[in-house]
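A structural walkthrough
The residues making up each chain are set out below.
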Amino acid sequence: MLKINTFAMIWLLVVLTGSLLMAQYSQTAGVAGTPPAQWPETSRVQRDPGLSKLVIFLHPRCPCSRATLGELERLMAHCQGMLSAQVWFIQPEGRDEVWVKTDLWPVAAAIPGVQVDVDHAGAEARLFQAATSGQTLLYDVNGRLVFQGGITLARGHAGDNPGSDAIECFLKQKTSLSASTPVFGCALGWNNKPEECTLCQP
Amino acid sequence: MSALAATILPEDHALQQATTLLRATVNEPRPQTSSLPDSALQRRAAVLFRAAENELHRHTDQLFARLMIVQWLAGIAAALLISPLTWIGDSSQVHVHVWAAVLLGGAISGFPVWMASHYPGLAVTRHVIATAQMLTAALLIHLTGGRIETHFHIFGSLAFLAFYRDWRVLATATVVVAGDHLIRGLFWPQSVFGVLTASSWRWMEHAGWVLFEDAILFVAIHRMLREMSEIALRRATLEGSNVEIERQVVERTAELNKTQTELLETSRLAGMAEVATSVLHNVGNVLNSVGVSAELATSKVREFRVGSLKNVAELLQQHSEDLPAFLSSDPRGKMLPDYLLKLAVHLAEPQQAILQEMEMLQKNIDHIKEIVAMQQRYARGTGVVEVLSVADLVEDSIRINAASFSRHEVNVVREIAPVPPLKTDRHKVMQILVNLLSNAKHALDHSEGDKRMTVRVTLNQKGRLEIAVIDNGTGIAAENLSRIFSHGFTTKKLGHGFGLHSGALAAKELGGTLQAHSDGVGLGATFTLTLPLEN
């Protein structure tokens, strides 16, 4: 019996350690990037007058992107008429648009107030210095960056999250302070520096 | 951890629990009376309770072992479906979730499956399973991206763990869930509660919902354990009753055996009495003939002219000195030779009759011997099978009753067809035929006119021998035909009701039948003995 209990204890330690590592991994954020404080006029997209602009960069095949789109859908519903959104799906060099237009594309396109487009070779991501899939930027009506970060709780983790809360608070004029949150997702890869892209890597 | 703490609880804990429940239960009216005293009953009920509980634990271990494997495979499938790859630009690798599903999921599930396989029923096994089940829930929640629906797995698992009917297993599972929330709440609060500034006690709210389900399940478990203890007590009571019933069965069986032995002895004595009655009946029939023969012999002896012979002897003695002269010159002497000759002739006739009667007497006495011997064999259940002439057999039977037939002026007609020899027990057949002939004679006793008895021997269509004794006597009433072979049934004033009964039994023993037919009172009767030619 003592032997069995010892085995059970060892097993417990092993699986608890594994579970903790798993939790640790899920809470490991990606590179946040350094987006411009003002709206870059060279962007292919123009802001809508009188509306805040939300820009989201997604890796078309990142498993975490689905959770981000889910949260975006909720956010757009809650803040209807207060903002417009642009979702950029990164198209790495050497990949065609078929590779980009996964099942996430129609999901994103179906969200009211959201424009979807392909970011060829990560030009827009480079412009906005977005390094991680799920990177979300909110520019106010004056083109000032008021939020940067992710709108998910953890890697691929749907549900209430501080990013969405911060954006919603700002839009509903509950606060005027800038905010940032961690971004959870795969590396967009436009900077071609894997060592900086710890997101989603084992 | 409470999981392991529970495993080192005293082994008798379950027994204490069972005993506590039983104490409450035994105060209730007992459903059945039992031969066991209350203390023994409770001990037995506790043993049965523990056995049932152990069986339940083992069975549930097996269920969880299968579930663990399914959950492991489901986790892998979920990982492959939801997050198969992780990307850096256009290059990809296998996602950590896949490895976690395979390796961590395998580690979480593998050990409980091994425990359920090698140590089913042990407390440590079910606590390991409870821990694994909750960790599996955490892994699945993680693999499915924190879907709220996957959180239902925790509540479903708690209900499933309640199958063990052991509140400590639920406690272990709850501690694992609460511990998981506590650690996450402390280190990564947003991962649990969705806000970065969650109270450090917020984990208690989540654990509270688990405790809410636990409370309901604890009540259910308590009731189920109570039912189990009641069932154990009823079963113990039933076992006690069965023991009592078995004891009574043994007792009654012994009594029955004794009664059966006594009955057999009584039957044997009754059988012997029947045999004795039958012997007396048959011997009585023959003795009638013996009496008639003795009477006839006596009357013939009386007819002997012994006086005349004495006179002749005295006359010869008087003339002994001049016997030649007396015989030649005396007129009386001259007549003496002729007289002696006539006397001799006169004596020879009754002598012959006496000799015949003596011969008949001897036969009758022999038959009595045979009857006695036959009945002794019958009593012993053995018989000698002989090859017999049916005609001789019939003739002997008639001869035994011949004097009686003669005295009652019964005309015996023989209709004997040529039949093959009969291979059977002579004396049993004789017993039957003598009885049938005697009965026929009795039936003719009070008849007027032609008293006719026919003995008919034939071979029926089935190749069986039929010996019919037919009389035109008093006949048999229809209501008596069905019971005429019953033991003790008779229509004679001095009858015993054994003759036809034993005759029917003897016929059956010989492989044949004895049947009666009568068209009614005053219309005579026919008794037919049917026998196989070879018995």
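Residues numbered from 1 in each chain as written. Chains lettered and ligands numbered in written order. Predicted model: local features only at pLDDT ≥ 70, side-chain atom pairs only at ≥ 80, totals over all residues. Heavy atoms only, no water.

Of regular secondary structure, chain A possesses 6 helices and 6 strands. Written out in order from the N terminus, the α and β elements of chain A read α-β-α-β-α-α-β-α-β-β-α-β. Expressed as a percentage of its 202 residues, the buried residues of chain A come to 54%. Contacts spanning at least 24 positions in sequence make up 77% of the contacts within chain A whose residues lie at least 6 apart. Put simply, chain A shows about 8,600 Å² of open surface, and 57% of that area lies on carbon and sulfur atoms. (Helix = DSSP H or I, 4+ residues; strand = E, 2+ residues; numbered from the N terminus. Buried < 20%, exposed > 50% of the residue type's maximum accessible area, 1.4 Å probe, protein only. Contact = heavy atoms within 4.5 Å. Areas by Shrake-Rupley, 256 points an atom, 1.4 Å probe, with all protein chains shown as cover.)

Turning our eyes to something else, we now look at the nonpolar core. Counting residues in each nonpolar core, the largest one holds 56 residues, and the members touching the most others are W11 of chain A together with I108, I129, M134, I154, L158 and L161 of chain B. Mapped by element, the contributors of at least two residues to this core are α1 (2-26) of chain A together with α3 (38-82), α4 (96-118), α5 (123-143), α6 (152-161), α7 (167-187) and α9 (202-303) of chain B. Leaving out residues up to four positions away in the same chain, I154 of chain B has contacts with M134, A137, I141, V177 and V210 of chain B. Of all hydrophobic cores here, the second largest spans 44 residues; its members include M453, I467, I484 and L510 of chain B. (Core = buried A, V, L, I, M, F, W, Y, C linked by side-chain atoms within 4.5 Å.)

All names here are of chain B. In space, the 5 strands of this open sheet follow the order β4-β6-β7-β9-β8, with mixed pairing throughout. Strands at the two margins of the open sheet, each flanked by one partner only, are β4 (411-416) and β8 (513-517). For this sheet the average axis-to-axis angle between neighbouring strands, irrespective of direction, equals 15°. The pairing of strand β6 (residues 452-459) with strand β7 (residues 465-471) spans 7 bridges and is antiparallel. Paired with T458 across the two strands is E466, which belongs to β7. Strands β6, β7, β8 and β9 (525-531) of the sheet are contacted by helix α15 (residues 426-444), whose axis makes an angle of about 20° with β7. (Pairing = 2+ DSSP bridges. Axes fitted to C-alpha atoms, helices over the stretch in contact; angles between N-to-C directions.)

This part covers the packing of α15 of chain B against helix α17 (residues 499-509) of chain B. All names here are of chain B. Closest axis-to-axis distance for the α15/α17 pair is 9 Å, and the angle between their directions is 145°. You can see that α15 and α17 cross each other, and the crossing is left-handed. Between α15 and α17, the residues in contact are K428, Q431, I432, N435, L436 and N439 and G499, L500, S502, G503, A506, A507 and E509, respectively. Residue composition of the contact of α15 with α17, grouped by class: 5 nonpolar, 6 polar and 2 charged. (Left-handed = near helix turned anticlockwise from the far one by under 90°. Nonpolar A, V, L, I, M, F, W, Y, C, P; charged D, E, K, R; others polar.)

Bringing the packing of aromatic side chains into the picture now. Overall, the coordinates contain 15 aromatic pairs over all chains when judged by the stated rule. Consider the rings of W39 of chain A and F128 of chain A, whose centres lie 5.2 Å apart with planes at 65°: the pair is edge-to-face. In this pair, W39 of chain A is assigned in the loop between α1 and β1 (52-58) and F128 of chain A in helix α5 (residues 123-128), connecting sequence segments 89 residues apart. The two residues W39 of chain A and F128 of chain A agree in class, both being buried. Put simply, the rings of W11 of chain A together with F111, W114 and Y119 of chain B pair up and form one aromatic cluster. The ring of W105 of chain A has K101 of chain A lying over it, and the distance from NZ or CZ to the ring centre is 4.9 Å. (Phe/Tyr/Trp six-rings, centres within 6.5 Å; stacked < 30°, edge-to-face > 60°. Lys NZ or Arg CZ within 6 Å of the ring centre and 35° of its normal.)

Turning our eyes to something else, we now look at the interface of chain A and chain B. Frequently, the measure chosen for interface size is the accessible area removed from exposure when the parts meet. Facing 43 residues of chain A, the contacting portion of chain B comprises 42 residues. At the boundary of chain A with chain B, total buried surface from both sides reaches about 3,700 Å², with 72% on carbon and sulfur atoms. The largest share of the area that chain A buries against chain B comes from I4, W11 and M22 of chain A, three residues that together contribute 18% of it. A salt bridge links R95 of chain A to D90 of chain B; the shortest N-O distance between them is 4.0 Å. The interface formed by chain A and chain B includes 6 residue pairs in polar contact (both at pLDDT 80 or more). Among the elements that make up the side of chain A that touches chain B, the one with the highest residue count is α1 of chain A (17 residues). A class-by-class count of the residues in the side of chain A that touches chain B yields 27 nonpolar, 12 polar and 4 charged. (Buried area = accessible area lost by both parts, 1.4 Å probe. Salt bridge = Lys/Arg side-chain N within 4 Å of Asp/Glu carboxyl O. Polar contact = N/O pair within 3.5 Å; in protein donor to acceptor, adjacent residues only side chain to side chain.)

Below, the discussion takes up the side chain of H501 of chain B. Mapped onto the elements of the fold, H501 of chain B is located in helix α17. Judged by relative accessible area, H501 of chain B falls into the buried class, the value being 15%.

Our focus in this paragraph is the pattern of salt bridges. Residues and elements named next belong to chain B. Applying the stated criterion across every chain, the model contains 25 salt bridges over all chains. The residue E230 makes a salt bridge to R226 at a minimum N-O spacing of 3.7 Å. Highlighted residues: E230 and R226, both in helix α9, separated by 4 residues, approximately one helical turn. We classify R226 as partly exposed; its relative accessible area is 27%. Linked by salt bridges that have partners in common, E244, R247, E251, R252 and E255 make up one network.

What follows deals with α1 of chain A. The end-to-end C-alpha distance of α1 of chain A, which contains 25 residues, comes to 36 Å, matching closely the 36 Å that a straight helix rising 1.5 Å per residue would cover. Three or more residues of α1 of chain A are buried, namely I4, N5, A8, W11, L12, V15, G18, S19, M22, A23, Y25 and S26 of chain A. (Expected span 1.5 Å × (residues − 1).)

All names here are of chain A. Across the sheet, which stays open at both edges, the 6 strands sit in the order β3-β2-β1-β4-β5-β6 with mixed pairing between neighbours. Strands at the two margins of the open sheet, each flanked by one partner only, are β3 (114-120) and β6 (179-180). With 4 bridges connecting them, strand β4 (residues 135-139) and strand β5 (residues 145-149) associate as antiparallel partners. When the bridges of β5 are listed, L137 appears paired with Q148.

All right, on to the confidence of the model for chain B then. Residue and element names in this part refer to chain B. Residues with a pLDDT of 70 or more make up 83% of chain B, whose mean pLDDT is 82. Counting contacts from residues 1-15, a segment whose pLDDT is below 50, to residues more than four positions away or on other chains yields 27 contacts. Confidence over residues 22-32 falls short of pLDDT 50; this stretch has 21 contacts with residues more than four positions distant or in other chains. For this predicted complex, the interface score ipTM comes out at 0.81, alongside a pTM of 0.57. (pLDDT = per-residue confidence, 0-100.)

Residue and element names in this part refer to chain B. Judged by side-chain polarity, F152, F155, W209, F212 and I216 come together as a nonpolar surface patch covering roughly 580 Å² of accessible area. Put simply, the parts of the chain that give the nonpolar patch at least two residues each are α6 and α9. Counting residues per element, the nonpolar patch draws most heavily on α9, at 3 residues. (Patch = residues over 30% accessible without salt bridge, like charges linked within 9 Å, V, L, I, M, F, W, Y side chains within 5 Å.)

This part takes up unusual backbone geometry. Most of the time, phi is negative for any residue but glycine, and the peptide bond is trans. Positioned with a positive phi, A121 of chain A is a non-glycine residue whose angle comes to about 55°. What makes A121 of chain A partly exposed here is its relative accessible area of 27%. A positive phi angle is found at R165 of chain B, which is not glycine, with a value near 55°. Within the secondary structure, R165 of chain B sits in the loop between α6 and α7.

Our next topic: the packing of α1 of chain A against α5 of chain B. Across the interface, α1 of chain A lies against α5 of chain B with an axial gap of 11 Å and an inter-helix angle of 10°. Our classification of the angle between α1 of chain A and α5 of chain B gives roughly parallel. Here α1 of chain A contributes I4, N5, A8, W11, L12, V15, L16, S19, M22 and S26 of chain A to the contact with α5 of chain B, which in turn contributes V124, V128, T131, A132, L135 and H142 of chain B. In the contact of α1 of chain A with α5 of chain B, the residues fall into 11 nonpolar, 5 polar and no charged. (Parallel < 35°, antiparallel > 145°, perpendicular 65-115°, else oblique.)

Bringing the side chain of S84 of chain A into the picture now. Residue and element names in this part refer to chain A. Tracing the sequence through the fold places S84 in strand β2 (residues 83-91). One polar contact links S84 to D48, side chain to side chain, over a distance of 2.6 Å. Beyond its immediate stretch of four places on either side in the chain, S84 contacts D48, L51, S52, K53, L54 and G113.

On to α4 of chain B, then. Between the first and last C-alpha of α4 of chain B there are 32 Å, a value that for 23 residues agrees with the 33 Å anticipated at 1.5 Å per step. For α4 of chain B, the principal kink sits at G106 of chain B and spans about 35°. (Bend = angle between axes of the 7 residues up to and from the residue.)

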